[in-house]
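Observations on the three-dimensional arrangement
Single-letter residue listing:
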Amino acid sequence: MAETSFFEKVYNVTKQIPYGRVTSYGAIAKYLGAAKSARMVGWALNSSVKHEVPAHRVVNRNGLLTGKHHFGGTNLMQQLLESEGVEVVNSKVQDFKKYFWDPVKEL
DNA sequence: CACATGACTGGAT
DNA sequence: AATCCAGCCATGT
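Keep in mind the model is a prediction, meaning the values are calculated, not measured.

Describing the packing of aromatic side chains
Here the structure, examined in full by the defined rule, presents three aromatic pairs. Ring geometry for phenylalanine 96 against phenylalanine 100: centres 5.5 Å apart, planes inclined by 55°, an arrangement best described as tilted. You can call phenylalanine 100 partly exposed: its relative accessible area is 29%. Aromatic rings pair up to connect Phe6, Phe7 and Tyr11 into one cluster.

Observations concerning the protein's contact with DNA strand B
Inspection of the region around DNA strand B gives 18 residues, with Arg39, Gly42, Leu45, Asn60 and Arg61 positioned closest. For DNA strand B, the fraction of protein-proximal atoms (within 4 Å) that sit in sugar or phosphate groups is 50%. One of the backbone nitrogen or oxygen atoms of asparagine 46 is found 3.2 Å away from a base nitrogen of DNA strand B. Contributing elements (two or more residues each) for the surface near DNA strand B: α2 (25-32) and α3 (38-46). It is α3 that contributes the most residues to the surface near DNA strand B, seven residues altogether. Residue classes in the surface near DNA strand B are distributed as seven nonpolar, nine polar and two charged.

Each value, and the rule that gives it
- Residues numbered from 1 in each chain as written.
- Chains lettered and ligands numbered in written order.
- Predicted model: local features only at pLDDT ≥ 70, side-chain atom pairs only at ≥ 80, totals over all residues.
- Heavy atoms only, no water.
- Phe/Tyr/Trp six-rings, centres within 6.5 Å; stacked < 30°, edge-to-face > 60°.
- Buried < 20%, exposed > 50% of the residue type's maximum accessible area, 1.4 Å probe, protein only.
- Near = heavy atom within 4 Å.
- Polar contact = N/O pair within 3.5 Å; in protein donor to acceptor, adjacent residues only side chain to side chain.
- Helix = DSSP H or I, 4+ residues; strand = E, 2+ residues; numbered from the N terminus.
- Nonpolar A, V, L, I, M, F, W, Y, C, P; charged D, E, K, R; others polar.

Okay, structure coming up:
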């Protein structure tokens, strides 16, 4: 991958998230070699909608859908996850550790 | 150019 | 166990 820019990697990894699985910003950031720049991952996902990236599968390390407000300001993000078989309650993923998908470990 | 904000995280109190 | 603080990088005012 020559054109593997920070953003490109984020989109690439996020798009590879298996169905019914979720990951965290820190995991992606760490995979990119910038574990301390987790904020950048969120910023990159800010443009993810243009890349057709399922950002709804990306949540913070607590399993909380912090970015749901960027999905239309509704419970769309939660509905999407529930639709994939992920238990989500009050904008929070249940058994997050069970649904957690680590790119560093899986890739 | 400087300050403030933000889809975060980890450690300290 | 819960809350606060500091670090990181990019974008906006």
